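A look at the structure
Chain residues, written in single-letter form:
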Amino acid sequence: MAINFKEEQVRVEYVIGEDTVRESITKEVPIPVTEKPDIERILEVNTKVESTEVTVEEGGVTIDGVIEVGVMYVADTTEGDQPVHYFHGELTFSNFVDIPEAEDYMSAYVDVDILRSSYDFIDERTVEVTVVLKKFAKVFDYRQMTIITDVTGIREELVEKELLRIENVVGENTYQVVVEGIVDVPTVKPPIERVLKVDGGALEDKNVEITDGAVIVDGQFEVGVMYVADTTADDTPGTQPVHFFEGGLTFSEVIDVPDADEDMSSFTEVKVKRWDYTITNGNRQVEVRAVIEVFVKVTEPKQVMVVTGIDSDRVEVEEELLRVEEVIGEDTVSETITEDLIVPDVKPNIERILETNAQLSNTTCIVEDGGVLVTSEVEGSVLYVADTTADDSPGTQPVHYFHRPFNIENFINIPEAEAGMSCHSDIEIKKVKGNRLNNRTVEMVVTLRKFAKVTNFRQLTIVTDIVVVSPVVDRDECERPSKIIYVVQAGDTLYKIAKRYRTTVDAIVDANNLDNPDYLEVGQKLIIPRCIIDDRDQPRRPRG
C-alpha cells in the first residue's frame, strides 16, 4: 500500500522566552513654569504610563518609557485668590529584560503596570514622586510551519499523534489616529477662566467587527474637564470657582488586516496616548483632541491532530521543535462594583463632589480548575468642595481630597482550565461615578471590563515532512553503487531524492553540474548516483 500524508500550513507565534522585572523609580517633579504659584498643600498626584518603546536585541528586550505625572495642589496665595492649580511632569524609565535566545529580528509583547505610586512634599516648588513598576516581556517569532496531520499506508499503531490547540496568526496592525470633538459647558455651570485638566476613560461600548480584509473598531470615549470658573461678575467673596463637567468623543476606525475574514477572532487594544484641548465659543466650549493608538491582531483558532513520530523503516522524517502557547480558552466579563468611601475625620464635610477617580494596581490572575480568579487593588479617590458654612473666614479654600483602597475579585469561567496553567488578565475601568450619600460618605460606582485568557505552554517535536524510501533501494538491490535517471516530481527537493536513493545532496549536485541546488523544475531529469550510502548498520535519527 502506498504511503501518503496530509499536511497543513500554519503561522504561529513561536515562543522564544519571557520574563518579568520590577523597578522602583523616584524623581523630583518641579512646578514647570514661574507663572504658577507656590504649593501650600497637595490635593492629588496621579500617574499613568504614557508611552513605551520596545526594542528586541540579541539576548533580550530593552523597554523604554515615559510616565506622566499630574499634580493638583492648593496654592500659597494672598487671601481670596483662586488657590487650586495643576501641573504635569514626567518620569522616564529604561530596562533590559534578559531573554537569552532573543534575536533582533524577532517580535515582543510588553506590558508595563504601575503597582504603586506615592509622593512627598519637598518644598513649595517641588514634589518627589515614587512609582513601582512591573514589566513583563515575551519574545516570539512568527513562523510559517508545515504540520503533518495524518499518514496512511503505515499501520496506525506506528504513527504517534497529539492534539494541539493553536492560534493561527492571520495578521496584525498598529494604527494611530487623532480623534476630535467638542464638549459644552452645561448651562447651569459658569464659563471657563482656565482649564485645570482634561482626562478620559477607556473606550466605552466598544464594538469590534471583522470584515473581509479589515477590522472595524468603534465606541465612545468619556471626557472629563476640570476647570477654574470665570467669576469676575460674582460679587460674593470666597465663592468656590472649581467645576467639573463631562462629555463624549465618538470613535470609529477601519484597520486594514489583508487576510482577515468575518469568521475569525480578534484581539483589539485601544489606548489614549495623549489629551489636548482648546477653549472656544466665549469660554463655553472645549475642543478636545485625543491621540489614539489601536492594535489589532486577527487569529484563527485551530485544533489539529499533529504527527509527532513514525516508528517505521519505510520512511525518513524531518522533525522540528515546536514551542507555542496552546490556547485553552478566554472570556470577557463586565461588572459594576459599589464601595462606600468615608471622609477621614480630619477633613471637613462634603458640599458637592467635583471628581471621583479609581486607579488599579497589583492585578493578578490564578488559574484554578474550571476558570481564573482575577484580583486587583483599587485606589478610590474623591475631590470635593467642602461645606464651610460654619467657617467665618471668607475666602477659605474649600477644595479637599481623600482616597481609600479596596480590593476586588472575580472568578471567570473557562471550563477546560486546570490549576498550574498560565493566564493573562486585563482589567479596564470603563466608568467611575460618585454619589454623595451624606456629608461624610461618597458611594463610588465603578464599571469594569475583565478579560482572562488561559494558555498552556507546549514544547514538542513534530513531523514536518516525510520521505518515503523507494522499493528500488531494498537492501538486496543495493549491494553496489549504480546510477539511474530520475524525473523530478512536484514537491521534490534534493534532500528528499537523496534520502530515497541512499545518496547525498553533494553527489547529485556534482553528477548534474547544478548551479543552484535549491532550484528544481518539475519534469527535470537528474542523474542519481544511488546506493553510495550503506545505512544498514546506522541507528535511526533520534527525535528532538
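Given the structure is predicted, the values throughout are model-derived calculations rather than measurements.

1. Remarks on the overall build of the chain
- The helix and strand tally for the chain stands at two helices and 20 strands.
- Computed over the C-alpha atoms, the radius of gyration of the chain is 32 Å, more than 25% above the 24 Å expected from 2.2 N^0.38 for a compact globule of 544 residues.
- The C-alpha extent of the chain, read off along each of the three principal axes, is 115 × 50 × 40 Å.
- Out of the 544 residues in the chain, the part that is buried amounts to 47%.
- Excluding contacts between residues fewer than 6 apart, the proportion of contacts in the chain whose partners are at least 24 apart in sequence is 80%.
- When the accessible surface of the chain is summed, it comes to about 27200 Å², and 44% of that surface belongs to carbon and sulfur atoms.
- Positive and negative side-chain charges of the chain, numbering 54 and 107 respectively, have mean locations separated by a distance of 5 Å.

2. What about the sheet that holds strand E4 (residues 84-98)?
- Pairing is antiparallel across the open sheet formed by three strands, whose spatial order is E2-E3-E4. Of all the strands in the sheet, the pair left with one neighbour each is strand E2 (39-57) and E4. The average angle at which neighbouring strand axes cross in this sheet is 15°, direction not considered.
- By the bridge criterion, 16 bridges tie E2 to strand E3 (residues 60-75) in an arrangement that is antiparallel. Looking at the pairing, Ile42 lines up with Tyr73 of E3.

3. Quick notes on a negative patch on the surface
- Together, Glu57, Glu58, Glu103 and Asp104 make up a region of like negative charge exposed at the surface.
- What makes Glu58 exposed here is its relative accessible area of 66%.

4. What to know about the packing of aromatic side chains
- Inspection of every chain in the model, using the stated rule, returns eight aromatic pairs.
- Ring centres 5.8 Å apart and planes at 75° place the aromatic pair Phe221 and Phe251 in the edge-to-face group. Taken together, the residues Phe221 in strand E9 (residues 214-229) and Phe251 in strand E10 (residues 242-256) connect sequence positions 30 residues apart.
- Look at Phe221 and you get buried, because its relative accessible area is 1%.
- With a centroid separation of 5.7 Å and an interplanar angle of 70°, the aromatic rings of Tyr227 and Phe245 are classed as edge-to-face. Taken together, the residues span a long stretch of sequence, with Tyr227 in strand E9 and Phe245 in strand E10 at a distance of 18 residues.
- The class of Tyr227 is buried, set by a relative accessible area of 0%.
- One cation-aromatic arrangement involves Arg11 over Tyr142; the distance from NZ or CZ to the ring centre is 4.3 Å.
- Of note, Arg143 hangs over the ring of Tyr14, and the distance from its end group to the ring centre comes to 3.7 Å.

5. Some thoughts on helix H2 (residues 505-512)
- Inspection of H2 places Ala507, Ile508, Val509 and Asn512 among the buried residues, and these make up the whole buried set.
- Residues of H2 that are buried make contact with helix H1 (494-500) and strand E20 (525-530).
- Remark: Asn513 follows H2 within two positions and exhibits a positive phi of approximately 50°.

6. Quick look at the pattern of salt bridges
- For the coordinates displayed, the defined rule picks out 24 salt bridges.
- Here Arg458 makes a salt bridge to Glu162, at a shortest N to O gap of 2.6 Å. Of the two residues, Arg458 is situated in strand E18 (residues 441-468) and Glu162 in strand E7 (residues 159-184); the sequence distance between them amounts to 296 residues.
- For Arg458, a relative accessible area of 15% puts it in the buried group.
- Residues Asp276 and Arg289 are paired through a salt bridge, measuring 3.3 Å at the closest nitrogen-oxygen approach. With Asp276 in strand E11 (residues 265-280) and Arg289 in strand E12 (residues 285-310), the pair connects residues that are 13 residues apart, well separated along the chain.
- A single salt-bridge network, built from bridges that share partners, covers Glu162, Arg165, Glu326, Glu416 and Arg458.

7. Overview of the state of the cysteines
- Counted according to the given criterion, the structure contains one disulfide.
- A sulfur-sulfur distance of 2.1 Å marks the disulfide that ties Cys365 to Cys423. The S-S bond linking Cys365 to Cys423 shows a torsion near 105°; that makes this disulfide right-handed. Of this pair, Cys365 sits in strand E14 (residues 350-368) while Cys423 sits in strand E17 (residues 422-438); the two residues are 58 residues apart in sequence, bridging distant segments of the chain.
- Its relative accessible area of 24% is what places Cys423 among the partly exposed residues.

Calculation notes
Residues numbered from 1 in each chain as written. Predicted model: local features only at pLDDT ≥ 70, side-chain atom pairs only at ≥ 80, totals over all residues. Heavy atoms only, no water. Helix = DSSP H or I, 4+ residues; strand = E, 2+ residues; numbered from the N terminus. Rg over C-alpha atoms; globule rule 2.2 N^0.38 Å. Buried < 20%, exposed > 50% of the residue type's maximum accessible area, 1.4 Å probe, protein only. Contact = heavy atoms within 4.5 Å. Areas by Shrake-Rupley, 256 points an atom, 1.4 Å probe, with all protein chains shown as cover. Lys, Arg positive; Asp, Glu negative; His and termini not counted. Charge placed at Lys NZ, Arg CZ, Asp CG, Glu CD. Pairing = 2+ DSSP bridges. Axes fitted to C-alpha atoms, helices over the stretch in contact; angles between N-to-C directions. Patch = residues over 30% accessible without salt bridge, like charges linked within 9 Å, V, L, I, M, F, W, Y side chains within 5 Å. Salt bridge = Lys/Arg side-chain N within 4 Å of Asp/Glu carboxyl O. Phe/Tyr/Trp six-rings, centres within 6.5 Å; stacked < 30°, edge-to-face > 60°. Lys NZ or Arg CZ within 6 Å of the ring centre and 35° of its normal. Disulfide = S-S within 2.5 Å.

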